[in-house]
Amino acid sequence: MIELNHALGKPLDDPRISVIHVAGTNGKGSVCLKIARSLELAGHKVGLLISPHISCYRERMSINGELISEKQVEEYLPQILDLCESRGIPATFFEITTGLAFRYFVDCGADVVVLETGLGGLLDATNVITAPVLSIITSIGLEHTALLGDTVELIGEQKAGIIKKNSPVLVGPNVPHETIRRCAVEREAEGYYTCEDVLARGISEESACHQGGIEYVDYDVQNSNIAKAALTLLRRQKRKSADKFPSSNLSDEVIAKGISLRPACRFEEIKKEGIIAILDIAHNPPAMRTLVAKLEATYPNKNKRFVVGFSADKDIAEIGNLLLSVVPHPNHIHLVEAVNLRAAKVENIINVVPRLADSYSMSCQDRTITSQVRIAMKLAAEHEEILVVCGSVFLMSEARYALGIEEERDSENITAVAGKGLLSCKEKLQKKQ
């Protein structure tokens, strides 16, 4: 990615562009979206890079909430691929996507760019930027341990790789503070800030919810507070300099409106065909514990029916047992497998959690996501249950389609980018031209 960024002219090193860089185990996508929306409402032209996408590859890059167009992808992608080929740059899918986004943001005149890391931080493709106005680490948990380390401290060191000299870093409540603070000192950060430092109150206490005798952490409240602290810190930093960023229009009212935005598939409630469906990309133990607690608190007298799939690198044992603890019988769980190389095979899930051999889908010939969602909808309606689609983000596109949710989707050409390999996509684009 370093080579590709240099070949592109290091677009985000332009001093006229203010870059906010966000890493973390959970919450980083939500925090990015809330910050971007607030800055847009304040009058900035905001580029947003997030990953992975849910239903549309173009969700990954947008300006002021408008997705990059298919025409623009078809214009920029061959340029990036040709650049890699001519210079012998062995770029990955994510690196090519990142380079495409960088070029798109600059060409379209974005004055602010909010970047979500893909994996980790130190070695992430987005980490070629050199002077962010703020780095944010939302949370640290045990995830991708084979790549990032098997303790929160080791993972924290990787996430802290986004911290830059002379730039402040803001951290959420669930991080190994000693480790991150040490990294901030070593990297000569401008300052190390917790949300409590900035907002003068404990966000852990504020995000703790009590409902129906159940206590749980509402991650949307926590993410909103991290975003609010970030925007407040940026305003504070501006007062110390003659910088024009952020706009003076970034008022408390604008921030409140901006951070109220909630991303799709984060305890998203959908009413379809007489049922309530909850979509949530809870895919690791901390997120699943929160989802289960919030479901029990919100719908205490309703049985739940789950359609769920995992990535193979997750703690399937803990997640599976969490789900089993809140259903009357394993047949209230429909195991599915996303069309993704990282997806856990249903048979492997059962090997890890044997009780899931009695899940409903195991009695079906058709175990596709579409089929299992529709079966689960029918059963949930018959038995007045809450339908919950959760787990891997890679099952959500098909699940949303099966639920009848209308939203932007990619053409066959763009689908090739996201699912069938960039080289074949290049050939298709060249034929089309």
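Refer to the preceding data block for the structure.
Residues numbered from 1 in each chain as written. Predicted model: local features only at pLDDT ≥ 70, side-chain atom pairs only at ≥ 80, totals over all residues. Heavy atoms only, no water.

Enquirer: Where do I start with the overall build of the protein in this structure?
Expert: On a plain count of helices and strands, the protein comes out with 18 helices and 15 strands. A compact globule built from 433 residues would reach a C-alpha radius of gyration of about 22 Å, and the protein, at 22 Å, matches this within 12%. With respect to the three principal axes, the spread of C-alpha positions in the protein is 60 × 60 × 40 Å. Per-residue burial for the protein yields a buried fraction of 58% across its 433 residues. Taking contacts inside the protein between residues at least 6 apart in sequence as the whole, the part at least 24 apart equals 71%. When the accessible surface of the protein is summed, it comes to about 18600 Å², and 50% of that surface belongs to carbon and sulfur atoms. (Helix = DSSP H or I, 4+ residues; strand = E, 2+ residues; numbered from the N terminus. Rg over C-alpha atoms; globule rule 2.2 N^0.38 Å. Buried < 20%, exposed > 50% of the residue type's maximum accessible area, 1.4 Å probe, protein only. Contact = heavy atoms within 4.5 Å. Areas by Shrake-Rupley, 256 points an atom, 1.4 Å probe, with all protein chains shown as cover.)

Enquirer: So what exactly am I meant to see when it comes to the sheet that holds strand β11 (residues 268–272) here?
Expert: Whenever strands of a sheet pair, they do so through backbone hydrogen bonds, lying parallel or antiparallel. Strand order across the open sheet formed by five strands is β11-β12-β15-β13-β14, with mixed pairing between neighbours. Two strands bound the open sheet, and with one partner strand each, they are β11 and β14 (333–335). Mean inter-strand twist for the sheet, computed between neighbouring axes without regard to direction, equals 20°. As judged from the five bridges shared by β11 and strand β12 (residues 275–280), these two strands associate in the antiparallel manner. Paired with Glu-268 across the two strands is Leu-279, which belongs to β12. Running over the sheet, helix α12 (residues 285–298) touches β12, β13 (304–309) and β15 (386–391) and is turned about 170° from β15. (Pairing = 2+ DSSP bridges. Axes fitted to C-alpha atoms, helices over the stretch in contact; angles between N-to-C directions.)

Enquirer: Which parts of the structure should I look at to understand the environment of Leu-324?
Expert: Positionally, Leu-324 belongs in helix α13 (residues 316–324). Relative accessible area serves as the criterion here: at 6%, Leu-324 is assigned to the buried category. Expressed as a C-alpha distance, the spacing of Leu-324 and Asn-340, which sit 16 residues apart in the sequence, is 25 Å. The residues touching Leu-324, leaving out its near neighbours within four places in the chain, are Pro-330, Ile-333, Val-353, Arg-355 and Leu-356.

Enquirer: Explain the layout of surface pockets here, please?
Expert: To find the voids left in a structure, one rolls a probe of water-molecule size over its atoms. Considered as a void within the structure, the second largest pocket measures approximately 240 Å³ in volume. Lining the second largest pocket are 19 residues, and of these Asp-14, Pro-15, Arg-16, Ile-17 and Ser-18 lie nearest its centre. Split by residue class, the lining of the second largest pocket holds 10 nonpolar, three polar and six charged. (1 Å grid on protein atoms, 1.4 Å probe; cavity = no way out; pocket = protein on both sides within 12 Å on 5 of 7 lines; lining within 4 Å. Points joined across faces, edges and corners; volume = space filled by probe spheres on them. Nonpolar A, V, L, I, M, F, W, Y, C, P; charged D, E, K, R; others polar.)

Enquirer: Can you help me understand unusual backbone geometry in this one?
Expert: Trans is the common state for peptide bonds, and a negative phi is the common state for residues other than glycine. Here the residue pair Ser-51 and Pro-52 is connected by a cis peptide bond, since its omega of -10° sits within 30 degrees of zero. Note on placement: Pro-52 falls in the loop between β2 (46–49) and β3 (61–63). Unlike most non-glycine residues, Glu-188 shows phi in positive territory, near 60°. Among the structural elements, Glu-188 can be located in the loop between α7 (177–186) and β8 (191–194). Positive phi, close to 45°, is recorded for Phe-267, a residue that is not glycine. Within the secondary structure, Phe-267 is located in the loop between α11 (252–259) and β11. What makes Phe-267 buried here is its relative accessible area of 8%.

Enquirer: Explanation requested: the environment of Val-346 in the structure shown.
Expert: Looking at where Val-346 falls in the secondary structure, it is placed in helix α14 (residues 346–352). Using a relative accessible area of 4% as the deciding quantity, one classes Val-346 as buried. The spacing of Val-346 and Val-128 is 218 residues in sequence and 38 Å in space, taken between C-alpha atoms. For Val-346, the contacting residues outside a window of four places in its chain are Leu-335, Val-336, Glu-337, Met-362 and Arg-367.

Enquirer: Explain the pattern of salt bridges here, please?
Expert: Once their charged atoms are close, side chains differing in charge can pair, the charge on each being opposite to the other. Scanning the model with the defined rule gives 23 salt bridges in all. Measuring nitrogen to oxygen at the nearest pair gives 3.5 Å for the salt bridge that ties Arg-58 to Asp-410. Of this pair, Arg-58 sits in the loop between β2 and β3 while Asp-410 sits in the loop between α16 (396–402) and α17 (412–419); the two residues are 352 residues apart in sequence, bridging distant segments of the chain. Here Arg-58 matches Asp-410 in class, with each residue buried. The partner of Arg-367 in a salt bridge is Glu-347, with the nearest N and O atoms 3.5 Å apart. Of this pair, Arg-367 sits in the loop between α14 and α15 (369–383) while Glu-347 sits in helix α14, and the two are 20 residues apart along the sequence. You can call Glu-347 partly exposed: its relative accessible area is 43%. Salt bridges sharing partners connect three or more residues here, namely Arg-58, Glu-70, Glu-408 and Asp-410. (Salt bridge = Lys/Arg side-chain N within 4 Å of Asp/Glu carboxyl O.)

Read these as spatial facts, not as claims about activity.
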